[in-house]
2 protein chains.
Amino acid sequence: MTPPLRIVPLGGVGEFGKNMIAIECEGKILVIDCGLAFPRDEMLGVDLVLPDISYLLERADDVLAFVITHGHEDHYGALPFVVRRLNVPVYGSRLTLAFAKSKLDEHGLIKTTEVNEVSADSKLSLGPFEVSFAAMSHSVPDALAVVLKTSAGTLVHSGDYKFDHTPIDGRTTDVDKLARLGQEGVLVLLADSTNVEVEGSTGSESQVGQAFHQIFAEARGRVIVSSFASHIHRIQQAVQIAHLHGRKFAIAGRSMIKNVNIARNLGYLKVPDDAMVKLTDIDDYPPEQLLILSTGTQGEPLSALSRMAFDDHPQVELVPGDTVVISAKPIPGNELSVGETVNRLLKAGVRVIYGAETGVHVSGHASREDQRMLLNLLRPRYLLPVHGEYRHLYMHKELAESAGVPGERIFLLEIGDVLELGERGGKIVDKVRAGRVFVDGLEIGDEEAVVLRDRQQLSDDGILIAAVSVNVQTGEALAAPELVARGFLYDEDYQQEVLDEAAAELEDRLQELAHEHVTGQRLIKDDIHEVLAQFIYRRTKRQPLILPVVIEV
Amino acid sequence: MTPPLRIVPLGGVGEFGKNMIAIECEGKILVIDCGLAFPRDEMLGVDLVLPDISYLLERADDVLAFVITHGHEDHYGALPFVVRRLNVPVYGSRLTLAFAKSKLDEHGLIKTTEVNEVSADSKLSLGPFEVSFAAMSHSVPDALAVVLKTSAGTLVHSGDYKFDHTPIDGRTTDVDKLARLGQEGVLVLLADSTNVEVEGSTGSESQVGQAFHQIFAEARGRVIVSSFASHIHRIQQAVQIAHLHGRKFAIAGRSMIKNVNIARNLGYLKVPDDAMVKLTDIDDYPPEQLLILSTGTQGEPLSALSRMAFDDHPQVELVPGDTVVISAKPIPGNELSVGETVNRLLKAGVRVIYGAETGVHVSGHASREDQRMLLNLLRPRYLLPVHGEYRHLYMHKELAESAGVPGERIFLLEIGDVLELGERGGKIVDKVRAGRVFVDGLEIGDEEAVVLRDRQQLSDDGILIAAVSVNVQTGEALAAPELVARGFLYDEDYQQEVLDEAAAELEDRLQELAHEHVTGQRLIKDDIHEVLAQFIYRRTKRQPLILPVVIEV
C-alpha cells in the first residue's frame, strides 16, 4: 500500500492562505513558502501578520526544509520570524534567495540560516521528496513552480504565475515541462486562483513597454514611474525606454534602491552605463532628461510617492510639467488611499497616468483562460485552488469543473485543514492549530487577543478613567474622584460639564458605599463602572471604555 | 450693470461636495440639496457627516429655501439637523419629499418644517430666482434638474442623472426641455461627475430586468434580491418579474420596508394583488414561489443580508438551493466588506450572483458619453463639475475641454470657495467657513477635533494610565502608583511584567520629585508622562497614549 500525501495550509490573510503550505509524506514535511501578510484596517495597530507555526514546531523533527516559490514578501517575508524557532534549510531561486537573505540579514540571521540556491533545472532529493522545478513567469523574475515526486504520486505547486510568451527576460513559463509532467501523471495541482474573476488571458509584461514609449515621447518634464519595488522587469522597461528617450534615472524609496541594487549585482537588471544618477543630484539635469523610479503605488502614507504628493519629499518637489505614472493596481482595500494620492498629485499640477485603460500595468497572475490552460497541461487528478478569499477558491472550483475536473476531486481547504490524498481518494482527516499571529511593536500576539477588541472600543468612543483614592480600612474616599477622558467628546466645555456631573454622581455613590462599609478594590471598581456606564450612556449616548482606578492608601 | 451670481459648495465627503450648494443672487440665497455623508474608516467612531452650515447661519435672513434634487440621503439626509437651526421652506418632488418627511418625522420636526411639493412642470418665483425643473432619470424615481433664471443668467444644476430611454416608469430625462434651455442660453451648468472614469453610455435600468428574468427562470429555491432601499425601479422589476415566474415577495430590512410602503402609497411602486407576504410567514410558501427583497448591498454589518450571510437573521435562514442576487456595486471603500459577505454566502451553500458581468446592476449616473451629451444639449458658458474627489472633477474638466468648453470657464471648486460669475467672467472671490461636522452619539463635533487624533492613537497602541495619590503639600506619594493598561500588550503576563517595572521606575522618580519639593498636578503629570513614555517605548517599541492621573489628598 502506498503512503498517503498530506497537504496542510498554514497561513494567510485569505481563507486558504497561500503564505505557507506544509506537504507531508512518509512522516516527513516539506513546507512551500514562508510568507507574511499586511494587516487589514480592522487589525488595529498591527504591523505584520505571520502564519501560526505551532503545528510545524510540534513536528519540528520531521520538517525537512522550506522551499520558496518566488521573491514576494507574502511568500518569503516570514522567514526571519520562523527560522529562529525552526532552523531548517531554505531553498529558492537565485533572486528569490537574494531578497530573502537581505531580510534575514536585517534580523541578524544570515549566518545561522542555511540557504540553498536552486534553478528551474535543479533536482533535489529531500527525504521522501524528489524535488524539481519549472520556470514560471510572474511579476518578479526567477519564479518557480515546485514539483514534488513522492511514493504517493506527483504534486505540482504552480506558485504565482502567468503565461508570458514575450517576457522581458526571455524566460517563458515552461509549458513544455508542464506538458511532460501532465503526460507522466500529476496526482495533485495546487494552482494560483488570484485572477479567477478576470476573463481571458493576462497580457504580456512587454505590453507595458508600448505605453511607456508613448509616455516618454510625450512628456516634456520629468517622468516619475512608481511600481512595486520587486517588479524588476517593470523597472527594466522604464529604465531602458527612458534611456532610448535620452533620460537618466534616479530612485526614490528605500526598498526600491535595495532591490535594484540586488537585481543589478546578480544581472537581473541591466542598466546602461552612466544612466543612474543620485536622487540628491537630480537638479543638475534638465527635467526632460530625467526618470525617477519610486515606490508608493498603494498610497502607503510613508512611501516616496505619497510624500511627493503631499509635498513632503526631501529631494523631489513636484512641479507642473512633471508626469507621474502609477504602474500598478490598487490591492483590494487600498482604493481610497490610492485615490487620495491621485487627487493630491493632480492638485500639484502634474499629469497623472493610472488605471486599467492606460496600459501602464498588466497583472502578474493567470486569468481564467490561463488557468484552464494550466489544467489542460497538467491534467491533475486532484486540484487545490490556492490564494484568495473563499469566493476566489469557489470560482476556481467552478472553472475547473467546467474544464473537466470532477467536483469531488477539488478541495476548498481552510487554514489548518489536513487533506489526505490516498488510494481511496481525498479527504480532510484532521484540523491542526494554524492561523494568524500578529506582530505589533516587539511583540508577537494572538489574533483573538482581547487587546484588539479593546482597541476597537477605544477607537469608537474613547475612554473615561475614574481614579479614586480610598482608605484601605474604611473604604472612604480621601478626595474627590478624578475623572479624565480621551477620545470621548468633541467639545471641551461640554466634556467638562459631563465629567463634572459624573464626578458628583460618583461621589454620592462612594459615600453610600463607605456608609455600607463596602471595601476592597474589586467591589468598589465594579460599582464605579456601573454607575458611570449608566450615567454616561444616558447623558451622551456613547459607550466609552470605562476604567475605574482605585488607589488604596 | 447686472448683478453677479455666486456659487458656494458647502458640504460633502469629496473635495467639491455635492451635498449642499448655495446659490446667491441680489443678496438672496437658495440652497440646492441638504445631504449627509457616511463616515470613512479613518473617521473613528463617527456616525454621520454633515455639512458645516456656519455660512448659512450667518446669512440666515437671506436664505430663501432648500431645493432638493432627489430622494437620496446624500441629498436630503441633513435636513433634520439643518432645519432646526435654519427653518426655511423645503422644495422637492413628491417622492423626494415623502422620503425627506419620513426623516423629519423621526426627529419630530414634521410640524415645524414647511415642505412644498413641486413637479418637473412647476415654476416658482423665490425672490430673485425664477425656479423651474426638468425630469431626470436616476436610480431613484422622481429626480429633478434645477433651473434658476436670474438677472445674471440661467443656472442649471443637473442633479444626479443618467439618460435612460427605456426607464421603468416611462419618465425619461427631458432632453427636449434641456435642448430648449440650451437654445435660450445657459450661463452655468453644475453637472454630475460621478462616472467620469467610465467610458461610453450608462445602460438602461430595464436591462437589469433581462438578467432578473433569467435568474428567476433558473432558480429552483428562494431568490433573495438585495438592492438599495430607495431604488424603487429595481424593486419594481424584481417584484414584477418574480410575479411572472409565480413568486410572491417578502421584505427584509427596516429601510426597505419603509420605502416600499411610501412608494406604494404614492403609486411609484405597483404591486400585484396578494403578491406581498410577511417575512414571518415565508415558511408557509414553497421556496420556488418566493422572492425576498433585502438591504445590505454594501456589506453593512447590521443589514439584513449580512445577518443572513452570518446565519444571524431571525426569519431568513439560508439553505443550499437559495439564490442571492447582489443588485448593486460596492461604493469605494466597501469592497472588502462586500467581498466578505459573498464569501459567507458561498460558504452557506447558496448561489451568489454579483459583479459587473452578471448584468444585475446598472449605474444611475451618466458615463462620459452621456456627460458630453448634456454639455451639447445645454452648451453652458461656464461649467462646474459636481461630485467626487478632485480627480473626478479634474477628468470632467478635461472631458468638457475636449467637448469645446474653454478651460478658463471651467471651475474646480473646493468646499467653501465662493465663485462669482459676473459680466467680466468668473472668479473665486472669497472663502467662507464650510466643511464637515461629525455626528457622534448625541453630539455634533468639529472634524478637526483632537478627539479623533486621540482615538487614532488609542486604536494603534492602546492606553496606559498611571494614577498616583500625592500629599497636596509635600508632593509625596501616599501609596504605590497604580498602572493600568488597555489595548496595549497581547500577553497578560508580559504586560504585567512591563507595568511592574514601569511602576518601580515611576516610584523612584516620585521619590526624587518629593525630595526636590516638586508639587502641583501639572508638573508631576508632565514628569510622569516623560518617565513612562521613554521607558515604555524602550521596553516595547510601542507608543500607547500615556495618561497620568494625580489625586491630591
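Residues numbered from 1 in each chain as written. Chains lettered and ligands numbered in written order. Predicted model: local features only at pLDDT ≥ 70, side-chain atom pairs only at ≥ 80, totals over all residues. Heavy atoms only, no water.

Caption draft 1: Spatial organisation of the overall build of chain A. Each helix and strand counted, chain A has 15 helices and 25 strands in total. The principal-axis extent of the C-alpha atoms belonging to chain A is close to 90 × 75 × 50 Å. Buried residues in chain A amount to 58% of all 553 residues. When contacts within chain A are restricted to residue pairs at least 6 apart in sequence, those whose partners lie at least 24 apart make up 72%. Accessible surface, chain A: about 22,400 Å² in total, of which carbon and sulfur atoms supply 46%. Charged side chains of chain A number 54 positive and 81 negative; the gap between the two group centres comes to 7 Å. (Helix = DSSP H or I, 4+ residues; strand = E, 2+ residues; numbered from the N terminus. Buried < 20%, exposed > 50% of the residue type's maximum accessible area, 1.4 Å probe, protein only. Contact = heavy atoms within 4.5 Å. Areas by Shrake-Rupley, 256 points an atom, 1.4 Å probe, with all protein chains shown as cover. Lys, Arg positive; Asp, Glu negative; His and termini not counted. Charge placed at Lys NZ, Arg CZ, Asp CG, Glu CD.)

Caption draft 2: Inspection of the relation of the copies chain B and chain A at higher detail. Of the transformation placing chain B onto chain A, the axial shift is 0.0 Å and the rotation is 180°, giving an RMSD of 0.2 Å. Those values place the two copies in the arrangement expected of a two-fold rotation axis. Across chain B, the smallest distance between a C-alpha and the rotation axis is recorded for Ser459(B), namely 2.5 Å. A shared interface surface links the copies, since 100% of the contact residues of chain B are contact residues in chain A too. (Least-squares fit on C-alpha atoms with pLDDT ≥ 70 in both.)

Caption draft 3: Up close: the pattern of salt bridges. All names here are of chain B. What the rule picks out here adds up to 66 salt bridges over all chains. A salt bridge links Glu-24 to Arg-59, with the shortest nitrogen-to-oxygen separation between them at 2.9 Å. With Glu-24 in strand β2 (residues 20-25) and Arg-59 in the loop between α1 (54-58) and β5 (63-67), this residue pair connects regions lying 35 residues apart in the sequence. For the pair Glu-24 and Arg-59, a shared accessibility class is recorded, and that class is buried. Residue Arg-372 is joined to Glu-369 by a salt bridge in which the shortest nitrogen-to-oxygen separation is 2.8 Å. Taken together, the positions of Arg-372 and Glu-369, both in helix α11 (residues 368-378) and three residues apart, correspond to about one turn of that helix. What makes Glu-369 partly exposed here is its relative accessible area of 39%. (Salt bridge = Lys/Arg side-chain N within 4 Å of Asp/Glu carboxyl O.)

Caption draft 4: Expanded view of the environment of Pro406(A). Within the secondary structure layout, Pro406(A) lies in the loop between α12 (390-402) and β19 (417-422). Considered as a pair, Pro406(A) and Glu357(A) are 49 residues apart in the sequence and their alpha carbons are 37 Å apart.

Caption draft 5: Structural view of empty space enclosed by the protein. All names here are of chain A. What the rule picks out here adds up to three cavities of 30 Å³ or more. A volume near 110 Å³ is recorded for the largest cavity. Lining the largest cavity are 19 residues, and of these Ser-137, His-138, Asp-164, Pro-167 and His-233 sit closest to its centre. Its residues placed into classes, the lining of the largest cavity shows six nonpolar, seven polar and six charged. Empty space within the second largest cavity amounts to approximately 90 Å³. (1 Å grid on protein atoms, 1.4 Å probe; cavity = no way out; pocket = protein on both sides within 12 Å on 5 of 7 lines; lining within 4 Å. Points joined across faces, edges and corners; volume = space filled by probe spheres on them. Nonpolar A, V, L, I, M, F, W, Y, C, P; charged D, E, K, R; others polar.)

Caption draft 6: Just the sheet that holds strand β21 (residues 436-440) of chain B, in detail. All names here are of chain B. Taken together, the three strands give an open sheet; going across it, the order is β4-β21-β22, and neighbouring strands pair in antiparallel fashion. The sheet is open, and its two borders are formed by β4 (48-51) and β22 (443-446), each paired with just one other strand. Here the average twist between neighbouring strands, direction ignored, is 35°. Sheet topology note: the β4/β21 ladder contains four bridges and is antiparallel. Looking across to β21, one finds that Pro-51 is bridged to Arg-436. (Pairing = 2+ DSSP bridges. Axes fitted to C-alpha atoms, helices over the stretch in contact; angles between N-to-C directions.)

Caption draft 7: Layout of the packing of helix α6 (residues 206-218) of chain A against helix α7 (residues 232-244) of chain A. All names here are of chain A. Between α6 and α7, the least distance of the axes is 9 Å, while the angle of their chain directions is 35°. The interaxial crossing formed by α6 with α7 has right-handed handedness. Contacts between α6 and α7 involve Ser-206, Val-208, Gly-209, Phe-212, His-213 and Phe-216 from the former and Arg-234, Gln-237, Ala-238, Ile-241, Ala-242 and Leu-244 from the latter. Class assignment for the residues of the contact of α6 with α7 results in seven nonpolar, four polar and one charged. (Left-handed = near helix turned anticlockwise from the far one by under 90°.)

Caption draft 8: Geometry of the interface of chain B and chain A. On the chain A side, the residues contacting the 70 residues of chain B number 70 residues. Around 5,900 Å² of area is buried between chain B and chain A when both sides are counted, 61% of it from carbon and sulfur atoms. For chain B, the biggest contributors to the area lost against chain A are Leu336(B), Glu443(B) and Tyr490(B); these three give 13% of the whole. When the shortest N-O distance is used, the salt bridge between Arg542(B) and Asp440(A) registers 3.4 Å. Here chain B and chain A share 23 residue pairs in polar contact (both at pLDDT 80 or more) between them. Here the residues of the side of chain B that touches chain A sort into 34 nonpolar, 12 polar and 24 charged. (Buried area = accessible area lost by both parts, 1.4 Å probe. Polar contact = N/O pair within 3.5 Å; in protein donor to acceptor, adjacent residues only side chain to side chain.)

Caption draft 9: Structural context of the nonpolar core. Grouped together as the largest cluster of nonpolar side chains are 68 residues, with contacts concentrated most on Leu56(B), Phe66(B), Leu79(B), Phe212(B) and Leu293(B). Excluding residues that lie within four positions of it along the chain, Phe66(B) makes contacts with Met20(B), Val31(B), Asp33(B), Cys34(B), Leu56(B), Leu79(B), Val82(B), Leu86(B), Val88(B), Pro89(B), Val90(B) and Tyr91(B). Among the nonpolar cores identified, the runner-up in size contains 67 residues, and Met20(A), Ile29(A), Ile232(A) and Ile251(A) belong to it. (Core = buried A, V, L, I, M, F, W, Y, C linked by side-chain atoms within 4.5 Å.)

Caption draft 10: The sheet that holds strand β24 (residues 482-486) of chain A, seen in detail. All names here are of chain A. Judged by pairing direction, the sheet is mixed, and its three strands sit side by side in the order β24-β23-β25 without closing on themselves. Of all strands in the sheet, those bounded by a partner on one side alone are β24 and β25 (545-552). The sheet shows a mean angle of 15° between the axes of neighbouring strands, taken without regard to direction. Note: strand β23 (residues 463-470) against β24, five bridges, orientation antiparallel. Paired with Leu-464 across the two strands is Ala-485, which belongs to β24. Each of β23, β24 and β25 is contacted by helix α15 (residues 521-540), which is oriented at about 145° to β25, the strand it contacts most.

Caption draft 11: Looking closely at a nonpolar patch on the surface. A cluster of nonpolar side chains, Leu478(A), Val553(A), Leu478(B) and Val553(B), forms an exposed patch at the surface whose accessible area comes to about 240 Å². Here Val553(B) is to be found in the segment after β25 (545-552). A relative accessible area of 32% places Val553(B) in the partly exposed class. (Patch = residues over 30% accessible without salt bridge, like charges linked within 9 Å, V, L, I, M, F, W, Y side chains within 5 Å.)

Caption draft 12: Structural context of the packing of helix α14 (residues 492-515) of chain A against α15(A). Residues and elements named next belong to chain A. At a minimum axis separation of 10 Å, α14 and α15 run at an interaxial angle of 145°. Pair α14 / α15 crosses with right-handed handedness. Facing α14, whose interface residues are Tyr-494, Glu-497, Val-498, Glu-501, Ala-502, Glu-505, Leu-506, Arg-509, Leu-510 and Leu-513, α15 presents Ile-524, Asp-527, Ile-528, Val-531, Leu-532, Phe-535, Ile-536, Arg-538, Arg-539 and Thr-540.

Caption draft 13: Structural context of the side chain of Thr295(A). Structurally, Thr295(A) can be placed in the loop between β15 (290-294) and α9 (304-309). By relative accessible area, Thr295(A) is classed as buried at 10%.

Caption draft 14: How the structure looks around unusual backbone geometry. With a phi angle near 55°, Asp311(A) is a residue other than glycine that sits in the positive phi range. Looking at the element boundaries, Asp311(A) is found in the loop between α9 and β16 (323-326).

Caption draft 15: Inspection of helix α4 (residues 94-106) of chain B at higher detail. All names here are of chain B. The end-to-end C-alpha distance of α4 is 19 Å, a good match for the 18 Å that 13 residues give at a rise of 1.5 Å each. Buried residues of α4: Leu-95, Thr-96, Leu-97, Ala-98, Phe-99, Ala-100, Ser-102, Lys-103 and Leu-104, and no others. Gly-108 lies just past α4 and shows a positive phi near 65°. (Expected span 1.5 Å × (residues − 1).)

Caption draft 16: Expanded view of a negative patch on the surface. Taken together, the side chains of Asp41(A), Glu42(A), Asp41(B) and Glu42(B) define an acidic patch exposed on the protein surface. Take Glu42(B): it is sitting in the loop between β3 (28-32) and β4.

Caption draft 17: The pairing of β3(B), seen in detail. Residue and element names in this part refer to chain B. For β3, the buried fraction is high: four of the five residues fall into the buried class. If you look at the hairpin formed by β2 and β3, you'll find two residues sitting between the two strands, and Glu-26 has a positive phi there, around 50°. As paired strands, β3 and β5 are joined by four bridges and run parallel to one another. Looking at β5, one finds that Ile-32 is bridged to Val-67.

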